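Breakdown of the fold
The primary structure of each chain is shown beneath.
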Amino acid sequence: MKRIIFFTIFLLSACGHDKEYIPVKKITIGFSQCTMVDKWREIMVMEMKRELSFYNNYNIDFIVKDAGDDNNKQIEDINDLVSRHIDILIVSANEAKQLTPTVEEVFNKGIPVILIDRKINSPSYTAFVGADNLGIGREAGYFAIELLKGKGKILEITGLTGSTPAIERSSGFKEIIKNYPAISIEKSIEGRWLEDRTLKITDSLFYTFNDFDLVFAHNDFMARAAAYSSRKHKLKPYIIGIDGLNTEDGGVSMVLNGTIDGTILYPSGGDKAIQLAMEILTGKPYETTINLNTFRIDNTNARTIWLQGAEIGSQQGKIDKLNYKINNMSSILKKRDTLLFLTTSVIILLFFVVGTIYFLFRQKNRLSKALTLKNKMINQQYKIISSQRDDSINLLMLAEEAKENKLRLFTDISHEFRTAVTLIMTPLDDLIKSTENSGLKNKLEIIRKNAGRLNKLSDSILRFRNIDENKYKPVFNGANFIGFLNEIVEIYREKANGKKITVMTDLPPYLYVDFDAAMMEKILCNLLSNAIKYTKPEGKVTVAVKNENAKILISIEDNGIGIPSKDIPYIFNRFYKAENSKMSNESEGVGVGLAITKELVQLHGGIINVTSFEGSGSVFTLTIPQFNKNTTEDPEDISIKYPSTLRQEILPEKDKVILVVEDNPDLLKLISGQLEYYYSVITASNGLEGLEITRKKIPSLIVSDIMMPVMDGLQMCRQIKNDSSTCHIPVILLTALDSQDFTIKGFEIGADAYLTKPYNENLLLTHIRNLLLSRKKIIDSYCPSSFFQDIFKTRETSDQDFIKKCLDVIYDNAESEDFGLDNLADKMTMSRSSLYRKIRIACNIRPVDFIKKARLNYSAKLLMSKNLHINEIAWRSGFSDPKYFSKCFYQEFGCYPKKYAQEFKSTSNQIAEN
Ligand code: FRU
């Protein structure tokens, strides 16, 4: 990967390189011109620009400033150039003295300075380009001597006297002239390099001063002015100038046309200045003084020079054209270079991307190979683990099956016990009630007690199963625990007395506790019976209760045989029996008592402990919370409910038909016998038979066992409740299976009540009576409509309450046709959306349909209860159009309102006849 990146960078950088070095940094050349008023200076700038065009590989910025013959302006120009960060300054100083400090300052800042044509009075500059003005002055001197042939008067017209060319030219000229005593410089005037200014001076001067033979002007412009003035004043002096520009009206042309007699070539040197600047800036060797060639131009060479100039001019034009083309080409090339660079970059990037993809692809392949390997290994391990897990599951299943078989055996036996005990206890109760013989009564009571004990033993096994399956949930009621405990102690005191064991109590007079009475009864009975069981005659059992920090401590202490210390850790284990308890005469039971007790205590939120010493007795201590947040009842109203308290006076209702379904013929006879006095009884010996009879006879209520051959009671109940013609019949399930699981199952499939054997006759009768009554009430108040019947049958009580409330509100407002969801929400003090949601969830229909069904239900109720005209029923139910009402009614009940009323009445009569 690194190699690819390196290669890419290398290629990109190689692609960016040109054959020549292109400085990244921009070069700024500043040129301060003293003036741009004349052609000579124009040509100087033109030469500079032309020269710069040869450096098109460089990024050069060329700034030219024109001082307009003004020193102060030139100082400003130079400072401005410096502020623009020039890399080099080329300057042609207007006047040496005034410009020297500024130029020095620039030089001292480290900016290279090239002086061109005009100098400063300081060596603080980098290089000089220009012709030798002193030499030019001398050459002019020699030329004048030749023209004057050793004798004559001269008028000198100088340039700006503060500028170095004027100073040098003048002194060179004078240096030669002074050697010829017959030649004198009669007058010297300052033309300041300017033609106009000179013209003005000479024009007026020549009126008074006209005795001169030769005019030496420091440049050709001033020479031309002198020539014009001389002609004007009819004077014919020789005229010498300087510059020798080979242009249309330049010095060469002036010599050719006789305006002046001669001129000295003074090249501008613009090209040389640029060359020098580039040498300095690019670090190349350079010369600090570049002397430009100069020579005399007169009528002997002017033509040749003119012609050469023309040739040079045409060549120069060609060069310019070529240069222009080259510049064009190079800008095209630059563009191409950029394009090439971009294209190459894209290609390289593509190459890079492809390389990366290839690299990643290889990586992926390598990884997927490794993954495949790992997967294989995992699969193998998974297979091993799976087979181990299957083995474990099989073992678990076997264990579970064995446990289940064992429990089922216990359950079945218990069921049989309960049925048998019921058959013993119920006639026994009758016998005890009917006999006057106290001896026999006592014996019967003993039988009754033992039957009860047998019942409790089987009950223990059933409870054990329930606890085991986490299905047993305590129901807390608040009550005086001491009263409850005393009742139980009294029962056992009798038993203890039989063994000459004293039962003592140490209890507070009253103690409020939230507790599950049934559960606590089992716990206390187990502990008390154990205490009595393992205590020798003349022994003592003490029951004490303390209340500490919202906890109840119940201790049951005996001075019996005690528990060996090695057994203590295991006594709460199921089916564990201490060694010495096996020896005991009283060693009955299967060893589940303490295990159940512990689990019941835990379910009750408490703990149980034991301290025991073999041979001296045991203390079992129970600690339970005094209060439980799940307690529902008001303590003042509480009383522990026993079936005997429910005894009611029940009036016979022979018009009601009760179907009893029971496989045990004795029990069937017993139940039928108990019900026959009050109701018409029909019987069936299993679920299937029960179902068939139900369909045929439509009984008012069904009492059925659960565990039966052919079809069990639950199945039968489900089918009855699923059939619309029988679903309204209340079903009471009567069975030995005291299990919340079965109870829940029974209720889930629609059973209306659930009673365990041995059942209490009065309780059964009360249930029957209440169910018949409530059924009637429900039908009367809410449910002519099968839709609502279903709802009430299948929904939870909270939903039923909600729907009842809704129906009540709708019934109260049924007359108002406009009463809708918003009004209902208002009356129910609910938001529209939550009412909407709740109705949808509870009834699975749209609220608008719910209201319509409620109105129709109300109308059906009116039809059943009131003798009203259909039209009146319609408007009372909120239907303004009776035809529409009839149509809707038909859709809901399957018949028109009139027919419905008729059928109801005939059915009511039939029921009454039954
Ligand atoms: C142009 C010029 C030339 C002369 C030079 C001296 O402005 O006057 O004619 O030779 O300057 O600096």
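Residues numbered from 1 in each chain as written. Predicted model: local features only at pLDDT ≥ 70, side-chain atom pairs only at ≥ 80, totals over all residues. Heavy atoms only, no water.

Some points on the overall build of the chain
Counting its secondary structure elements, the chain contains 29 helices and 24 strands. Counting only residues that meet the buried cut, the chain has 46% of its 914 residues in that class. For the chain, the share of sequence-separated contacts (at least 6 apart) that also reach a separation of at least 24 residues comes to 70%. Carbon together with sulfur atoms contributes 55% to the accessible area of the chain, which is approximately 48300 Å² in total. (Helix = DSSP H or I, 4+ residues; strand = E, 2+ residues; numbered from the N terminus. Buried < 20%, exposed > 50% of the residue type's maximum accessible area, 1.4 Å probe, protein only. Contact = heavy atoms within 4.5 Å. Areas by Shrake-Rupley, 256 points an atom, 1.4 Å probe, with all protein chains shown as cover.)

Some remarks on the environment of Y266
In this fold, Y266 is placed in the loop between β10 (262-265) and α10 (270-281). Taking relative accessible area as the criterion, Y266 reaches 3% and is therefore assigned buried. Along the backbone, Y266 and I242 are 24 residues apart, and their C-alpha atoms lie at a distance of 6.4 Å. If sequence neighbours within four positions are ignored, Y266 has contacts with W40, D117, A131, N133, I136, P165, R169, I242 and D243. Side chain to side chain, Y266 and D117 meet in a polar contact 2.6 Å long. Side chain to side chain, Y266 and N133 meet in a polar contact 3.3 Å long. (Polar contact = N/O pair within 3.5 Å; in protein donor to acceptor, adjacent residues only side chain to side chain.)

Re the site of the ligand
Neighbouring the ligand are the residues D38, W40, R41, D117, R118, P165, R169, W193, N219, F221, D243 and Y266. The contact in question runs from an oxygen atom of the ligand to an N or O atom on the side chain of R169, over 3.0 Å. Between the ligand and D243, the relevant distance is 2.4 Å, taken from an oxygen atom to a side-chain nitrogen or oxygen of the residue. The fraction of the free accessible surface of the ligand (310 Å²) that becomes covered by protein chains is 100%. Residue assignment for the shell around the ligand shows that the elements contributing at least two residues are α2 (39-53) and α6 (164-177). Counted by class, the shell around the ligand contains 5 nonpolar, 1 polar and 6 charged residues. (Near = heavy atom within 4 Å. Nonpolar A, V, L, I, M, F, W, Y, C, P; charged D, E, K, R; others polar.)

Here's the deal with the sheet that holds strand β14 (residues 502-506)
Ordered in space as β14-β16-β17-β19-β18, the 5 strands form an open sheet in which the pairing is mixed. Strands with a single pairing partner mark the edges of an open sheet, and in this sheet they are β14 and β18 (607-613). The average undirected angle you get between the axes of adjacent strands in this sheet is 15°. As paired elements, β14 and strand β16 (residues 540-548) share 5 bridges and run parallel to each other. (Pairing = 2+ DSSP bridges. Axes fitted to C-alpha atoms, helices over the stretch in contact; angles between N-to-C directions.)

Some details on the nonpolar core
Grouped together as the largest cluster of nonpolar side chains are 47 residues, with contacts concentrated most on M48, I90 and I154. With 7 residues, helix α5 (residues 133-148) is the largest single contributor of residues to this core. Those residues within four positions of I154 in sequence are excluded, and the remaining contacts are A144, L148, F173, I177, I183, S184, I185, E186, K187, L214 and F216. (Core = buried A, V, L, I, M, F, W, Y, C linked by side-chain atoms within 4.5 Å.)

A word on the pattern of salt bridges
Throughout the structure, instances matching the rule amount to 24 salt bridges. The salt bridge partner of K174 is E156, with a shortest N-O separation of 3.9 Å. Pair noted here: K174 is in helix α6 and E156 is in strand β6 (residues 152-158), with a separation of 18 residues, a long-range link. You can call E156 buried: its relative accessible area is 0%. Linking D849 and R846 is a salt bridge whose minimum nitrogen-to-oxygen distance equals 3.1 Å. Of the residues examined, D849 reaches a relative accessible area of 26% and is grouped as partly exposed. Look at R846 and you get partly exposed, because its relative accessible area is 43%. Several salt bridges converge on common partners, so that one network encompasses R41, D117 and R118. (Salt bridge = Lys/Arg side-chain N within 4 Å of Asp/Glu carboxyl O.)

What about the confidence of the model for the chain?
Detailed reading of the predicted coordinates is not advisable wherever pLDDT falls low. Averaged over all residues, the pLDDT of the chain is 84; the fraction at 70 or higher stands at 84%. Mean pLDDT values for the elements of the chain range from 52 in helix α1 (residues 2-16) up to 98 in strand β8 (residues 214-217). Every residue in residues 15-21 is under pLDDT 50, and counting partners more than four places away or in other chains gives 6 contacts. Here residues 585-591 is a poorly scored stretch, pLDDT under 50, and it has 15 contacts once near neighbours within four places are set aside; other chains count. (pLDDT = per-residue confidence, 0-100.)

A word on a nonpolar patch on the surface
A contiguous nonpolar surface patch, about 390 Å² in accessible area, is contributed by L409, I413, F417, L454 and L457. At the level of elements, α11 (302-434) and α12 (438-468) are the ones that each hand at least two residues to the nonpolar patch. The leading source of residues in the nonpolar patch is α11, at 3 residues. Position of F417 relative to the elements: it lies in helix α11. (Patch = residues over 30% accessible without salt bridge, like charges linked within 9 Å, V, L, I, M, F, W, Y side chains within 5 Å.)

Section: the sheet that holds strand β3 (residues 88-91)
Strand order in the open sheet formed by 6 strands is β2-β1-β3-β4-β5-β11, with parallel pairing between adjacent strands. Each edge of the open sheet carries a strand with a single partner, namely β2 (60-66) and β11 (289-292). Here the strands of the sheet are splayed against their neighbours by 15° on average, with no regard to which way each runs. Sheet topology places strand β1 (residues 27-33) next to β3; 4 bridges connect them, and they run parallel.

Section: the environment of A874
Along the polypeptide, A874 turns up in helix α27 (residues 870-876). Residue A874 is classed as buried on the basis of its relative accessible area, which comes to 0%. Not counting residues within four places of it along the chain, the set of residues in contact with A874 comprises F879, P882 and F885.

Some points on the packing of helix α13 (residues 481-498) against helix α14 (residues 517-533)
Axis separation between α13 and α14 bottoms out at 10 Å; the angle between their running directions is 35°. Here α13 runs over α14; the crossing is right-handed. From α13, F481, F484, L485, I488, V489, Y492 and A496 reach across to α14, where they touch A517, M520, E521, L524, C525, L528, S529 and I532. Looking at side-chain class alone, the contact of α13 with α14 contains 13 nonpolar, 1 polar and 1 charged residues. (Left-handed = near helix turned anticlockwise from the far one by under 90°.)

Looking at the pairing of strand β20 (residues 657-661)
Judged by how many residues are buried, β20 sits mostly within the fold: 5 of 5 residues are covered. Across 5 bridges, β20 lies against strand β21 (residues 680-684) in parallel orientation. Residue pairing across strands places V661 opposite A684, the latter belonging to β21. Following the chain from β20 across helix α17 (residues 665-676) to the adjacent parallel β21, one finds a crossover that is right-handed. Of the strand pairs in this sheet, β20 and strand β22 (residues 701-704) are connected by 4 bridges, and their pairing is parallel. Bridge pairing in β22 places I658 opposite L701. (Right-handed = clockwise from strand over helix to strand, strands pointing away.)

What to know about the packing of aromatic side chains
In total, this model carries 22 aromatic pairs according to the counting rule given. When the ring of F788 is compared with that of F850, the centres are 5.7 Å apart and the planes differ by 85°; the resulting orientation is edge-to-face. Taken together, the positions of F788 in helix α22 (residues 786-794) and F850 in helix α26 (residues 847-865) put the pair 62 residues apart, joining distant regions of the chain. Ring pairing ties together the aromatic residues F879, Y884, F885, F889, F893 and Y900, which thus form one cluster. Taking NZ or CZ as reference, K119 lies 4.8 Å from the ring centre of F128, over its face. (Phe/Tyr/Trp six-rings, centres within 6.5 Å; stacked < 30°, edge-to-face > 60°. Lys NZ or Arg CZ within 6 Å of the ring centre and 35° of its normal.)

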